[in-house]
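Here is how the chains run, residue by residue.
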Amino acid sequence: MSNHSIDKSGVHDEQAGADLRLNITPGGHALDTSQPAFPVYHRKFANPGPLGLSAFALTTFVLSLINVKTNGVAVPNVVVGLALFYGGLVQLLAGMWEASRRRFRPLHFAVGNTFGATAFSSYGAFWLSFACLISPWSDIGAAYTKAEDFEHAIGFYLFGWFIFTFIMLIASLRSSVALIGVFFFLTITFLLLSLSKFIGNAHIAANIGTVGGAFGLVTAFNAWYCAATGLLTPETSHFVLPTGDLSKKD
């Protein structure tokens, strides 16, 4: 340690004259091994991506299981809790952490990622709004005198999310194959689910909704895969997962 002097505030590189405190989380030390079973990796900012993707994936997974009527379950009310707190609140927070700039140092998830902030915040809001639509206490459906009108209104709602997701798909084309897969399958999911609300034939509408649920399951597993690629880093894992990086190289 001849090249470094360590004080309570962090580490100072005597050779380069650089203050390395920004690389260390508050109260931490670069060589901290006090928790060998759960190592502490001090970084400037944590990555909120795996959190947001995991929240999105689990909520989508459960709803999609219901959309395909797994074990005969067709009532989606059990999703309300997930949609409010994990898919909704937690994903919204991940979006805020993606958006926050470096000047907000107490938020160690702050990374200034416009794409991630837009995606996580928007889909977090989607799940919060969806929870309101299907919550027994919201009584939104009661405002419609005809059940058909309510179905069509849900179709408008889902088609709007199809449009937004298609825009996000286009915006993701220079990211990675894995992330493109998430938005590609999610775009199809929203399109099919929205179309199912406009079909007059109940049998055909149910079949289209089931296919939409199947694409939702594919979307969920894609999102979990992307989350895993962010967690299994060279610093924290014995192996990493390929993503098919398509980003522009310097």
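Basis of the calculations
- Residues numbered from 1 in each chain as written.
- Predicted model: local features only at pLDDT ≥ 70, side-chain atom pairs only at ≥ 80, totals over all residues.
- Heavy atoms only, no water.
- Helix = DSSP H or I, 4+ residues; strand = E, 2+ residues; numbered from the N terminus.
- Buried < 20%, exposed > 50% of the residue type's maximum accessible area, 1.4 Å probe, protein only.
- Areas by Shrake-Rupley, 256 points an atom, 1.4 Å probe, with all protein chains shown as cover.
- Expected span 1.5 Å × (residues − 1).
- Contact = heavy atoms within 4.5 Å.
- Core = buried A, V, L, I, M, F, W, Y, C linked by side-chain atoms within 4.5 Å.
- Axes fitted to C-alpha atoms, helices over the stretch in contact; angles between N-to-C directions.
- Parallel < 35°, antiparallel > 145°, perpendicular 65-115°, else oblique.
- Nonpolar A, V, L, I, M, F, W, Y, C, P; charged D, E, K, R; others polar.
- Salt bridge = Lys/Arg side-chain N within 4 Å of Asp/Glu carboxyl O.
- Left-handed = near helix turned anticlockwise from the far one by under 90°.
- Patch = residues over 30% accessible without salt bridge, like charges linked within 9 Å, V, L, I, M, F, W, Y side chains within 5 Å.

Asker: Hey, could you run me through the overall build of the protein in this one?
Answerer: Tallying secondary structure elements over the protein gives 6 helices and 3 strands in all. Along its sequence from the N terminus, the protein presents helices and strands in the succession β-β-β-α-α-α-α-α-α. Counting only residues that meet the buried cut, the protein has 34% of its 250 residues in that class. Summed over its atoms, the accessible surface of the protein is roughly 14100 Å², and 67% of this surface lies on carbon and sulfur atoms.

Asker: Looking at this model, I keep getting lost on helix α6 (residues 202–231). Mind explaining?
Answerer: Within an α-helix, residues lying three or four positions from one another point in the same direction, as the helix has 3.6 residues per turn. Across its 30 residues, α6 extends 43 Å between first and last C-alpha, which sits within 8% of the 44 Å expected from 1.5 Å per residue. Every buried residue belonging to α6 is among Ala205, Gly209, Gly212, Gly213, Gly216, Leu217, Thr219, Ala220, Ala223, Cys226 and Ala227, and all of these are buried. Those residues of α6 that are buried are in contact with α1 (49–67) and α5 (177–196).

Asker: Would you take a moment to explain the nonpolar core for this structure?
Answerer: In globular proteins that are soluble, nonpolar side chains generally tend to be buried together. Core analysis: the largest hydrophobic core is formed by 37 residues, its most contacted members being Tyr123, Trp127, Phe183 and Phe190. Those elements giving two or more residues to this core turn out to be α1, α2 (79–99), α3 (114–134), α4 (147–171), α5 and α6. For this core, the element with the highest residue contribution is α3, accounting for 9 residues. Apart from residues no more than four positions distant in its own chain, Phe183 is found in contact with Phe115, Ala119, Tyr123, Thr165, Met168, Leu169 and Ser172.

Asker: It is not clear to me how the side chain of Ser122 should be interpreted in this structure. Could you clarify?
Answerer: By secondary structure assignment, the location of Ser122 is in helix α3. Judged by its relative accessible area of 18%, Ser122 falls in the buried class. Sequence-distant contacts of Ser122, defined by excluding residues within four places in its chain, comprise Ala117, Trp161 and Phe164.

Asker: I tried to follow the packing of α3 against α4 on my own but got confused; where do I start?
Answerer: Each packed pair of helices is defined by two parameters, the angle between the axes and the distance between the axes. Packing of α3 against α4 brings their axes to within 11 Å, and their N-to-C directions diverge by 170 degrees. One finds that α3 runs roughly antiparallel with respect to α4. Across the interface between the two elements, Phe115, Thr118, Ala119, Ser122, Tyr123, Phe126, Ser129, Phe130 and Leu133 of α3 pack against Phe150, Ile154, Tyr157, Trp161, Phe164, Thr165, Met168 and Ala171 of α4. Class assignment of the residues belonging to the contact of α3 with α4 gives a composition of 13 nonpolar, 4 polar and no charged.

Asker: Please explain unusual backbone geometry as it appears in this structure.
Answerer: Even without glycine at this site, Asn71 takes up a positive phi of about 55 degrees. Its place among the elements puts Asn71 in the loop between α1 and α2. Overall, the relative accessible area of 77% leaves Asn71 in the exposed class. In this structure, Asp139 is a non-glycine residue whose phi angle is positive, near 60 degrees.

Asker: Which parts of the structure should I look at to understand the pattern of salt bridges?
Answerer: Pairing between side chains of opposite charge can happen when their charged atoms approach one another. Scanning the entire structure with this criterion turns up 1 salt bridge. Lys197 is paired through a salt bridge with Glu151; the nearest N and O atoms lie 3.4 Å apart. Linking Lys197 in the loop between α5 and α6 with Glu151 in helix α4, this pair joins segments that are 46 residues apart in sequence. Classification of Lys197 as partly exposed rests on a relative accessible area of 24%.

Asker: What is the right way to read the packing of α1 against α6 from this model?
Answerer: For the pair α1 and α6, the least separation of the axes is 8 Å and the interaxial angle reads 160 degrees. The angle between α1 and α6 falls in the class roughly antiparallel. Once α1 is placed against α6, the crossing between them reads as left-handed. Of the residues belonging to the contact of α1 with α6, the class tally is 15 nonpolar, 10 polar and no charged.

Asker: Which parts of the structure should I look at to understand a nonpolar patch on the surface?
Answerer: Residues Phe85, Leu89 and Leu93 make up a contiguous nonpolar surface patch of about 280 Å² in total accessible area. Looking at the secondary structure, you find Phe85 in helix α2.

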